[in-house]
Amino acid sequence: MTPVPRSSAPLVLRGRELGATAPVVMAIVNRTTDSFYAGARHADDAAALAAAERAFEDGAEILDVGGVRAGVGPEVTPAEEIARVVPFVERVRRELPDLLVSVDTWRAEVADAAIDAGADLVNDTWAGHDPGLVEVAGRAGVGVVCSHTGGQAPRTDPYRVSYPLPTPLPDPLPGGVAPVDPRDGVLLDVLATLRAGAERAVACGVPPRSVLVDPTHDFGKNTWHSLHLVRRTEPIVALGYPVLMAFSRKDFVGETLDLPAEERLEGTLAATAVAVWLGATVFRAHDVRSTRRVVDMVAAIRGDAPPAAATRGIE
């Protein structure tokens, strides 16, 4: 019998354990007007708070707040980013105290201001581009996301990136995994980067169970790379940290199915189901209710959580 894949470690933020029996859903609220998916744009304060309330009601445990479009776009200064994000973090902390708050930023000064406002997690999607960010998180004792971008600078798009297998292969391999085909070049790079980032975070004072690792689909990768990383989730789980998957409506889903962002829900949920089965435990999602139902169903199939109600054939 094929065993159920190992699940990644539970996440602990400010003493609260998440993901021990069912995956965690991280909702998205972008305080921008130009994010790639229109459904996540909430520049208006009232609309942003309503989106946060709806996400919490639909089953999100974490709210990820961003102030800058991830991709190429108009410059946003640190002061502008702080103005977009920090007052909203304060409001969410005050009005939705049971909803944990993450801030999507690569800048240490933005992270510092957001933590002062009550943020529980810093989602550094640009792989430590600002080395001071993880130091800020460590001093405050909050969580941090360690990501992989293949060395790309913030807000740049990949162009003809490649990850060939090294010769000779490293021994032992990161994560204890043996490469099985040439596509594992990207996996080895991801494993090495995430391990180094997580170890530095812990050295800077971030509690080990508050360190998330994210292979960061699309960032510094083409569609083939991102698809391969979904199917090779298990070695990322083997690093021993909670694993975040942030592939909601991303380009690798769109290119695989030849669909615009507005039509990528089914593809996103298919990838989500595979990643849950293979052990990932935190999912950044635009569509909270649908994602919540998918991750709960797969958790029950894995045997991690019981059905919400099971009376058929019993009563």
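Residues numbered from 1 in each chain as written. Predicted model: local features only at pLDDT ≥ 70, side-chain atom pairs only at ≥ 80, totals over all residues. Heavy atoms only, no water.

*Asks:* Just checking my understanding: could you explain the layout of surface pockets for this structure?
*Replies:* Over the atoms rolls a probe the size of a water molecule, and its path tells where empty space is left. Reported here for the largest pocket is a volume of approximately 710 Å³. Residue assignment for the lining of the largest pocket shows that the elements contributing at least two residues are β3 (24-30) and α8 (251-257). (1 Å grid on protein atoms, 1.4 Å probe; cavity = no way out; pocket = protein on both sides within 12 Å on 5 of 7 lines; lining within 4 Å. Points joined across faces, edges and corners; volume = space filled by probe spheres on them. Helix = DSSP H or I, 4+ residues; strand = E, 2+ residues; numbered from the N terminus.)

*Asks:* Sorry, what's going on with the sheet that holds β3 here?
*Replies:* Whether parallel or antiparallel, the strands of a sheet pair through hydrogen bonds between backbone atoms. One open sheet holds the eight strands; their spatial order is β8-β7-β6-β5-β4-β3-β10-β9, and the pairing between them is parallel. A single partner strand is all that each edge strand has here, and the edge strands are β8 (211-214) and β9 (244-245). Relative to strand β4 (residues 62-66), β3 runs parallel, the two sharing five bridges. Opposite V29, over in β4, you have V65 as the bridge partner. (Pairing = 2+ DSSP bridges.)

*Asks:* Could you clarify how one ought to interpret the nonpolar core in this entry?
*Replies:* Of all hydrophobic cores here, the largest spans 67 residues; its most connected members are L63, F88, V144, I236, F247 and F283. Of the residues forming this core, the biggest block, seven residues, is contributed by helix α5 (residues 184-203). Counting residues in hydrophobic clusters, the runner-up holds 12 residues, among them L13, L18, M26 and L100. (Core = buried A, V, L, I, M, F, W, Y, C linked by side-chain atoms within 4.5 Å. Buried < 20%, exposed > 50% of the residue type's maximum accessible area, 1.4 Å probe, protein only.)

*Asks:* Looking at this structure, I do not really get the state of the cysteines. What am I missing?
*Replies:* By definition, a disulfide links the sulfur atoms of two cysteines through a covalent bond. Per the stated rule, a full pass over the model turns up zero disulfides. Free cysteine C146: the closest other cysteine sulfur is in C204, separated by 9.7 Å. (Disulfide = S-S within 2.5 Å.)

*Asks:* Just checking my understanding: could you explain helix α4 (residues 132-140) for this structure?
*Replies:* Residues spaced three or four apart along an α-helix face the same direction, because each turn holds 3.6 residues. Those residues of α4 that sit buried are G132, L133, V134, V136, A137 and G138. On the buried face of α4, the contacting elements are α3 (108-116), β6 (121-123), β7 (143-147) and α5. With its phi angle positive at about 75 degrees, G141 sits one or two positions after the end of α4. (Contact = heavy atoms within 4.5 Å.)

*Asks:* Would you mind showing me how to read helix α10 (residues 288-302) here?
*Replies:* Between the first and last C-alpha of α10 there are 21 Å, a value that for 15 residues agrees with the 21 Å anticipated at 1.5 Å per step. The secondary structure elements touched by the buried residues of α10 are β3, α1 (45-57), α9 (265-277) and β10 (282-285). With its phi angle positive at about 90 degrees, G303 sits one or two positions after the end of α10. (Expected span 1.5 Å × (residues − 1).)

*Asks:* I keep staring at the packing of α3 against α4 and nothing clicks. Help me out?
*Replies:* When two helices pack together, their arrangement is given by the angle between the helix axes and by the axis-to-axis distance. With their axes 8 Å apart at the nearest point, α3 and α4 run at an angle of 20 degrees to one another. Judged on the interaxial angle alone, α4 and α3 are roughly parallel. Here the hand of the crossing between α3 and α4 comes out right-handed. Residues A108, A111, D112 and I115 of α3 form the contact with α4, whose participating residues are G132, L133, V136, A137 and A140. Across the contact of α3 with α4, the residue classes tally to seven nonpolar, one polar and one charged. (Axes fitted to C-alpha atoms, helices over the stretch in contact; angles between N-to-C directions. Parallel < 35°, antiparallel > 145°, perpendicular 65-115°, else oblique. Left-handed = near helix turned anticlockwise from the far one by under 90°. Nonpolar A, V, L, I, M, F, W, Y, C, P; charged D, E, K, R; others polar.)

*Asks:* Please explain a nonpolar patch on the surface as it appears in this structure.
*Replies:* Taken together, the side chains of V4, W277, M297 and I301 present a nonpolar region at the surface, about 380 Å² in accessible area. Within the fold, I301 resides in helix α10. (Patch = residues over 30% accessible without salt bridge, like charges linked within 9 Å, V, L, I, M, F, W, Y side chains within 5 Å. Areas by Shrake-Rupley, 256 points an atom, 1.4 Å probe, with all protein chains shown as cover. Salt bridge = Lys/Arg side-chain N within 4 Å of Asp/Glu carboxyl O.)

*Asks:* Got a minute to help me understand the packing of aromatic side chains in this structure?
*Replies:* Here the distance between the centres and the angle between the planes together describe a pair of aromatic rings. Tallied over the full model, the rule gives three aromatic pairs. Taking the centre distance of 4.8 Å and the plane angle of 45 degrees together, the rings of W126 and F219 count as tilted. Note that W126 is positioned in the loop between β6 and α4 and F219 in the loop between β8 and α6 (223-231), a separation of 93 residues in sequence. The burial state of W126 is the same as that of F219; both residues are buried. Here the aromatic residues F247, F252 and F283 are joined through ring pairs into a cluster of three or more. Lying over the aromatic face of F88, R31 brings its terminal NZ or CZ to 4.9 Å of the ring centre. (Phe/Tyr/Trp six-rings, centres within 6.5 Å; stacked < 30°, edge-to-face > 60°. Lys NZ or Arg CZ within 6 Å of the ring centre and 35° of its normal.)

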